[in-house]
Amino acid sequence: MPTHTFFNLPESKRQRLIDGAMKEFTAKSLNEASISNIVKNAGISRGSFYQYFEDKKDLYYFLIGKFKYNYHKLMIKSFKEADGDFYKGYCTFGEKYIKYIMDSEKFGFFENMYLHMNYQINQESGANIITAPSNLKKEHPVNERVLEAVKREQVKACTDQELISIIRYILNILNDTIMEGFWKELSIEETLQLFAKRLEWMTQGVLKEKRNEREEDKV
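Details of the packing of helix 6 (residues 86–102) against helix 9 (residues 160–183)
So, point 1. As a packed pair, helix 6 and helix 9 sit with axes 11 Å apart at the nearest point and diverge in direction by 35°. Of the two elements, helix 6 crosses helix 9, and the hand of that crossing is right-handed. Contacts from Phe86, Tyr90, Phe93, Gly94, Tyr97, Ile98, Ile101 and Met102 of helix 6 reach helix 9 at Leu163, Ile166, Ile167, Ile170, Leu171, Leu174, Asn175, Ile178, Gly181 and Phe182.
So, point 2. Within the contact of helix 6 with helix 9, the residues separate by chemical class into 15 nonpolar, 3 polar and no charged.

Dropping the structure here:
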């Protein structure tokens, strides 16, 4: 998590460091990236870097936190556009989410993130998007929750935690689809179609016959 010293920097200097980090993480994965290149890109000393962040991983997860904050807002907006309809809202969100990532000027950053995604990175990116990232609450207080934008009566969930689990599960499917899109070099349209199919499987089911119809056939 960034230090108070980082947040107290002038905005222009903070942005310079963020831009320098984005340049390095766009060209290289987290493991391959170097602090030397980051500070060179940002025009700061190595000593200054350690006044702001513990290490390159700390900085990397801060950048993912900024990404997560934007998509926390995007998810809420998508459900509101669909008047809380769970399926339509997730369709809207998935389409916007995929298009932004795969048609972004930050394409290289996202490609590296998804192609080298492990459990921790997955948790820091989409899987916990339901709540605002703690490392950004100082900069961006968030009062709205995704749960409040969804029509609860449409979903088989009795508690907040159950609904959160469902939203996270579909987010994992969405992230896996984007990862597959990068890995197989799919087009944006192909990736959208793949997610739409998986979302339909998840929300509508995969069996052709209902259970009670199969039971009647046995009688």
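Describing the packing of aromatic side chains
So, point 1. All told, the structure shown has 25 aromatic pairs when counted by the stated rule.
So, point 2. Ring geometry for Tyr60 against Phe109: centres 5.8 Å apart, planes inclined by 50°, an arrangement best described as tilted. Placement of the pair is Tyr60 in helix 5 (residues 56–81) and Phe109 in helix 7 (residues 107–115), with a sequence separation of 49 residues. Both residues of the pair, Tyr60 and Phe109, belong to the buried class.
So, point 3. Centroid distance Tyr71 to Tyr97: 5.2 Å. Interplanar angle 75°. Geometry classified as edge-to-face. Of the two residues, Tyr71 sits in helix 5 while Tyr97 sits in helix 6, which places them 26 residues apart along the sequence.
So, point 4. On the accessibility criterion, Tyr97 (0% relative accessible area) is buried.

About the criteria used
- Residues numbered from 1 in each chain as written.
- Predicted model: local features only at pLDDT ≥ 70, side-chain atom pairs only at ≥ 80, totals over all residues.
- Heavy atoms only, no water.
- Axes fitted to C-alpha atoms, helices over the stretch in contact; angles between N-to-C directions.
- Helix = DSSP H or I, 4+ residues; strand = E, 2+ residues; numbered from the N terminus.
- Left-handed = near helix turned anticlockwise from the far one by under 90°.
- Contact = heavy atoms within 4.5 Å.
- Nonpolar A, V, L, I, M, F, W, Y, C, P; charged D, E, K, R; others polar.
- Phe/Tyr/Trp six-rings, centres within 6.5 Å; stacked < 30°, edge-to-face > 60°.
- Buried < 20%, exposed > 50% of the residue type's maximum accessible area, 1.4 Å probe, protein only.

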